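# A structural walkthrough
Here are the chains, one letter per residue:
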Amino acid sequence: MTCESLTTAGALLAARLSRARRAAVLTGAGISAESGIPTFRSGANALWRDRKPEDLATPEAFARDPGLVTGWYLMRLRMLLDALPNPGHTALAEIERRFVERRAFFSVITQIVDGLHHAGGSSDVVELHGSIRHWRCVACARERQLTADFVRSESERGGPIECGCGALMRPGVVWFGEALPTHAWALADAVASRAEVFIVAGTSAAVYPAAGLVAIAKRAGAFVVEVNPEATEATALCDLVVRARSGEFLPLIV
Ligand code: APR
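Analysis parameters
Residues numbered from 1 in each chain as written. Predicted model: local features only at pLDDT ≥ 70, side-chain atom pairs only at ≥ 80, totals over all residues. Heavy atoms only, no water. Near = heavy atom within 4 Å. Polar contact = N/O pair within 3.5 Å; in protein donor to acceptor, adjacent residues only side chain to side chain. Areas by Shrake-Rupley, 256 points an atom, 1.4 Å probe, with all protein chains shown as cover. Nonpolar A, V, L, I, M, F, W, Y, C, P; charged D, E, K, R; others polar. Pairing = 2+ DSSP bridges. Helix = DSSP H or I, 4+ residues; strand = E, 2+ residues; numbered from the N terminus. Axes fitted to C-alpha atoms, helices over the stretch in contact; angles between N-to-C directions. Contact = heavy atoms within 4.5 Å. Phe/Tyr/Trp six-rings, centres within 6.5 Å; stacked < 30°, edge-to-face > 60°. Buried < 20%, exposed > 50% of the residue type's maximum accessible area, 1.4 Å probe, protein only. Parallel < 35°, antiparallel > 145°, perpendicular 65-115°, else oblique. Left-handed = near helix turned anticlockwise from the far one by under 90°. Core = buried A, V, L, I, M, F, W, Y, C linked by side-chain atoms within 4.5 Å. Disulfide = S-S within 2.5 Å. Salt bridge = Lys/Arg side-chain N within 4 Å of Asp/Glu carboxyl O.

### Let's talk about the site of the ligand
Near the ligand, the surroundings consist of 23 residues, among which F40, R41, T203, S204 and N228 are the closest. Between the ligand and A29, the relevant distance is 2.8 Å, taken from an oxygen atom to a main-chain nitrogen or oxygen of the residue. Taking E34, its side chain carries an N or O atom lying 2.8 Å from a nitrogen atom of the ligand. Calculation on the ligand without its partners gives an accessible area of 740 Å², and the protein chains cover 93% of this total. By residue class, the composition of the shell around the ligand is seven nonpolar, twelve polar and four charged.

So, in structure tokens, the structure goes:
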């Protein structure tokens, strides 16, 4: 059912959430769009509009041209330096706080790598695609959190980033062709399987296995709600469809 009135949809979802012991949200790039961060597949400045994932977001691309791939991720990190959580992120944090208050569970399962759910106050967050802020050495696996100053100086210098051991550092994100972190996936699968309410916000639901969580939740009996200005591959599975921006709609629930 598509609900035209945001207030009615908000009240309906709030009532469902207030009765649920376990609920979750699956988020994608759209949740951070109102923080000024481009999505991958929607809008005029979508990241994959004039670039190809196979040139920038695969292990083969990094092996072929580590400087190019590093430069692209540093460019995305620069866009993040001044980005703040928006009302969508903070509403989800507030929903989690209310669940915790009554000893219930509300989890954020996310495909975003920008860290804005944590910055917005959520603590039960499963980062399925890793984090763009944490890099690791391809040889010795040493980890490093990139600071703003480091991002600026490395962007100016250009080229790949070296680890102390002499090998290269890569962003701590999941590239196409790589498996999701085992623990994160197991957790997401368990959360989706037990959720009574499952919200899908700001994702095109085009990339698997993350997108498969919607069907997992639906099969397990969850009330599935989509929050997205556009139709997606998950729409057909949803019990309630809200055509709105997440930063506009999610605050209405709290
Ligand atoms: N509020 C809610 N949804 C929005 C908003 C907004 N303000 N703005 C855009 N959207 C929606 C778009 O309509 C689109 O359906 O967000 C979705 C963004 O989809 P994608 O760009 O495909 O992002 P995502 O689903 O996160 O992509 C999945 O693809 O390249 C990979 O690894 C990358 O994690 C990413 C994965």
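### Points about the sheet that holds strand β3 (residues 125-127)
Strand pairing in a sheet relies on backbone hydrogen bonds, with the paired strands running either antiparallel or parallel. If you walk across this open sheet you meet the six strands as β3-β2-β1-β7-β8-β9, and the pairing is parallel. The two strands at the open ends of the sheet, each matched to only one other strand, are β3 and β9 (240-242). Ignoring strand direction, the axes of neighbouring strands in this sheet form an average angle of 15°. Set on the sheet, helix α9 (residues 212-219) makes contact with β1 (22-27), β2 (105-110), β7 (197-201) and β8 (223-227); between it and β7 the angle comes to about 160°.

### Observations regarding the packing of aromatic side chains
Using the criterion set out here, one finds six aromatic pairs in the structure. A ring pair is formed by F99 and F106, whose centres lie 5.4 Å apart and whose planes are at 45°; its orientation type is tilted. F99 sits in the buried class, given a relative accessible area of 3%. Given the relative accessible area of 1%, F106 is considered buried. Within the aromatic cluster, the residues linked to one another by ring pairs are F40, W48, F62, W72, Y73 and W175.

### Some remarks on the packing of helix α5 (residues 87-101) against helix α10 (residues 246-253)
Relative to each other, α5 and α10 sit at 25°, their axes nearing to 7 Å. In terms of axis orientation, α5 runs roughly parallel to α10. Note on packing geometry: the crossing formed by α5 with α10 is left-handed. From α5, P87, G88, A91, L92 and I95 reach across to α10, where they touch S246, G247, L250, P251 and I253. Broken down by class, the residue content of the contact of α5 with α10 amounts to seven nonpolar, three polar and no charged.

### Quick word on the nonpolar core
Formed by 29 residues in total, the largest nonpolar core has its most connected members in L13, L17, F99, F106, I199, F249 and L250. Secondary-structure elements contributing two or more residues to this core are α1 (6-19), β1, α5, β2, β7, β8, β9 and α10. Not counting chain neighbours up to four residues away, the residues in contact with L17 comprise A23, I95, F99, R102, F106, V197, I199 and I253. Formed by 28 residues, the second largest nonpolar core is a distinct cluster that contains I132, W135, C137 and I161.

### Some thoughts on the state of the cysteines
Joining two cysteines, a disulfide is a covalent bond between their sulfur atoms. Considering all chains together, one arrives at zero disulfides under this definition. Cysteine C165 remains unbridged, with the sulfur of C137 as its closest cysteine sulfur at 3.6 Å. By relative accessible area, which is 44% here, C165 ends up partly exposed.

### Describing the pattern of salt bridges
Taken as a whole and judged by the stated rule, the model has ten salt bridges. Here R97 makes a salt bridge to E94, at a shortest N to O gap of 2.8 Å. Placement of the pair is R97 and E94 together in helix α5, with a separation of three residues, close to one helical turn. In this structure, R243 and E226 form a salt bridge, with 3.2 Å as the shortest nitrogen-oxygen distance. One end of the pair, R243, is in the loop between β9 and α10; the other, E226, is in strand β8, and 17 residues separate them in sequence. In this structure E226 comes out as buried when scored by relative accessible area, which is 0%. A single salt-bridge network, built from bridges that share partners, covers E94, R97, R98 and E101.

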